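Structure assessment
The chain contents come next:
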Amino acid sequence: MLTPTEKIWHNGTFIPWQDAKIHVLSHVVSYGSSVFEGIRCYQTPSGPQIFRLREHIRRMQDSSKIYRMPIPFSADQLAEAMVELVRLNHMTSCYLRPIVMRGYGEMGVHSGKNPVEVFVACWEWGKYLGEEALASGVDVCVSSWNRMAPNTLPALSKAGGNYLNSQLVRMEANLNGYAEGIALDVAGYVSEGSGENIFVVRDGKMLTPPLGASVLPGITRDSIIKLAGEMGIPVTETIVPREMLYIADEVFFTGTAAEVTPVRSVDRIVVGAGQRGPITEKLQKEFFAIIDGKKEDRFGWLTPVKA
Ligand code: PPE
């Protein structure tokens, strides 16, 4: 269960957690018209720091633009709101959830007159795929559900509606005893997990599905590509056939919530040695060293909460 924090930001002001409510006839409730972000703030020796705040705000602006739902706040205003929210709620580390939605006004699919509402909440969120997952890896399946076809629901927009697809993938996987499901795209190639991007390692080279494979342009995905580049590990964004998951040396997920999570089996076929592989571990270590403030933030990924 969620543990409430004190404040939630709503359209420019901080309101009590329990007052952050919307009307049941708000456009978003019937029609799924929201876009959102998930951002982590980490505890470091120099205080809490928000990971890749600017990139998350930019993606939220992109998501809104695709749906012709302009956000009535600038990137600077949103960034300031999020930093202030973490500070006001006295969080050392937390997960931030900005949500932009079409609100209360008219009913009907076309929503030109409904106000755009913006909320930002934060709370403490632990390990997404379980405590053990980061070290030991997770057992996953390929889902019987595909990702959305191109030109149906745009995957580059992190829209609430897309998560109906994610829910089907995740529910099926969990009911069948798997930690997560991997969805294929409409052509049958690997797309992504219900809430994570995916990487495959074979013979020291990394592959990840391209943006055209109905994936979310993940910010953790981008971070891992940059870290791999620094380490001299080749990464190719290319179509990945399903069976590559079975014969890979290593498979891992990336995501804000899931961070860098190894996959130890797919469809009960053991991946590599059935444990976290060496490249996954190397990338994981470097990623955590930066977000924990143990290594220099050489990419400028962290925004301090304390002035
Ligand atoms: N694909 C999907 C479908 C997705 O939801 C996420 C994030 C990613 C890829 C990874 O993107 P990024 O976080 O920028 O690296 N999923 C968010 C929501 C999870 C949830 O259950 O809610 C997250 O990880 O915060």
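The coordinates are above.
Okay, so let's go over this structure. (Residues numbered from 1 in each chain as written. Predicted model: local features only at pLDDT ≥ 70, side-chain atom pairs only at ≥ 80, totals over all residues. Heavy atoms only, no water.)

The subject of this paragraph is unusual backbone geometry. Of note, the phi angle at N11 is positive, near 45°, even though the residue is not glycine. Note on placement: N11 falls in the loop between strand 1 (7-10) and strand 2 (13-16). We classify N11 as partly exposed; its relative accessible area is 31%. We note that R268 has phi near 65°; this positive angle belongs to a residue other than glycine. Locating R268 in the fold gives a position in the loop between strand 15 (259-266) and strand 16 (269-270). The class of R268 is exposed, set by a relative accessible area of 52%. (Helix = DSSP H or I, 4+ residues; strand = E, 2+ residues; numbered from the N terminus. Buried < 20%, exposed > 50% of the residue type's maximum accessible area, 1.4 Å probe, protein only.)

On to the layout of surface pockets, then. Its boundaries defined by the atoms lining it, the largest pocket holds a volume of some 840 Å³. Residue lining of the largest pocket: 42 residues in total, with F36, Y95, R97, K158 and Y163 positioned closest to the centre. Looking at the lining of the largest pocket, its residues break down into 17 nonpolar, 17 polar and eight charged. Along the walls of the second largest pocket sit 21 residues, with Y31, G32, S33, S34 and Y67 positioned nearest its centre. Those elements giving two or more residues to the lining of the second largest pocket turn out to be helix 1 (27-31) and helix 5 (162-175). Sorting elements by how many residues they give to the lining of the second largest pocket places helix 5 first, with four residues. Class assignment of the residues belonging to the lining of the second largest pocket gives a composition of nine nonpolar, ten polar and two charged. (1 Å grid on protein atoms, 1.4 Å probe; cavity = no way out; pocket = protein on both sides within 12 Å on 5 of 7 lines; lining within 4 Å. Points joined across faces, edges and corners; volume = space filled by probe spheres on them. Nonpolar A, V, L, I, M, F, W, Y, C, P; charged D, E, K, R; others polar.)

Residues in close proximity to the ligand total 22 residues, the closest being Y95, Y128, Y163, T220 and T256. Within the contact set of the ligand, an oxygen atom lies 2.4 Å away from a side-chain nitrogen or oxygen of Y95. One of the backbone N or O atoms of I219 is found 2.7 Å from an oxygen atom in the ligand. Against a free-state accessible area of 550 Å², the protein chains account for coverage of 93% of the ligand. According to the grid-proximity analysis, the pocket containing the ligand is the largest pocket. Every element with two or more residues in the shell around the ligand is listed here: strand 6 (94-102), helix 6 (219-231) and strand 14 (250-255). (Near = heavy atom within 4 Å. Polar contact = N/O pair within 3.5 Å; in protein donor to acceptor, adjacent residues only side chain to side chain. Areas by Shrake-Rupley, 256 points an atom, 1.4 Å probe, with all protein chains shown as cover. Sits in = over half its atoms within 2 Å of the grid points.)

Let us now look at the packing of helix 6 against helix 8 (residues 278-291). Two elements in contact, helix 6 and helix 8, have axes separated by 10 Å at closest approach and are oriented at 110°. Comparing their axes, helix 8 and helix 6 come out roughly perpendicular. Of the two possible hands of crossing, helix 6 and helix 8 adopt the one that is right-handed. Residues T220, S223, I224, L227, A228 and M231 of helix 6 touch helix 8, and the partners they reach there are K282, L283, E286, F287 and I290. A per-class count over the contact of helix 6 with helix 8 returns seven nonpolar, two polar and two charged. (Axes fitted to C-alpha atoms, helices over the stretch in contact; angles between N-to-C directions. Parallel < 35°, antiparallel > 145°, perpendicular 65-115°, else oblique. Left-handed = near helix turned anticlockwise from the far one by under 90°. Contact = heavy atoms within 4.5 Å.)

Attention now goes to the pattern of salt bridges. Tallied over the full model, the rule gives 19 salt bridges. Measuring nitrogen to oxygen at the nearest pair gives 2.9 Å for the salt bridge that ties D76 to R54. You can see D76 sitting in helix 3 (residues 75-88) and its partner R54 sitting in helix 2 (residues 53-66), a full 22 residues away along the chain. Between R298 and E230 there is a salt bridge; the shortest N-O distance is 2.6 Å. (Salt bridge = Lys/Arg side-chain N within 4 Å of Asp/Glu carboxyl O.)

The subject of this paragraph is helix 8. An α-helix turns once per 3.6 residues; consequently, residues spaced three or four apart project the same way. Its 14 residues give helix 8 an end-to-end C-alpha distance of 20 Å, which sits within 8% of 20 Å, the value for a rise of 1.5 Å per residue. Counting buried positions along helix 8 gives ten out of 14 residues, so the element sits mostly inside the fold. Along helix 8, the positions that sit buried rather than exposed are I279, T280, L283, Q284, E286, F287, F288, A289, I290 and I291. (Expected span 1.5 Å × (residues − 1).)

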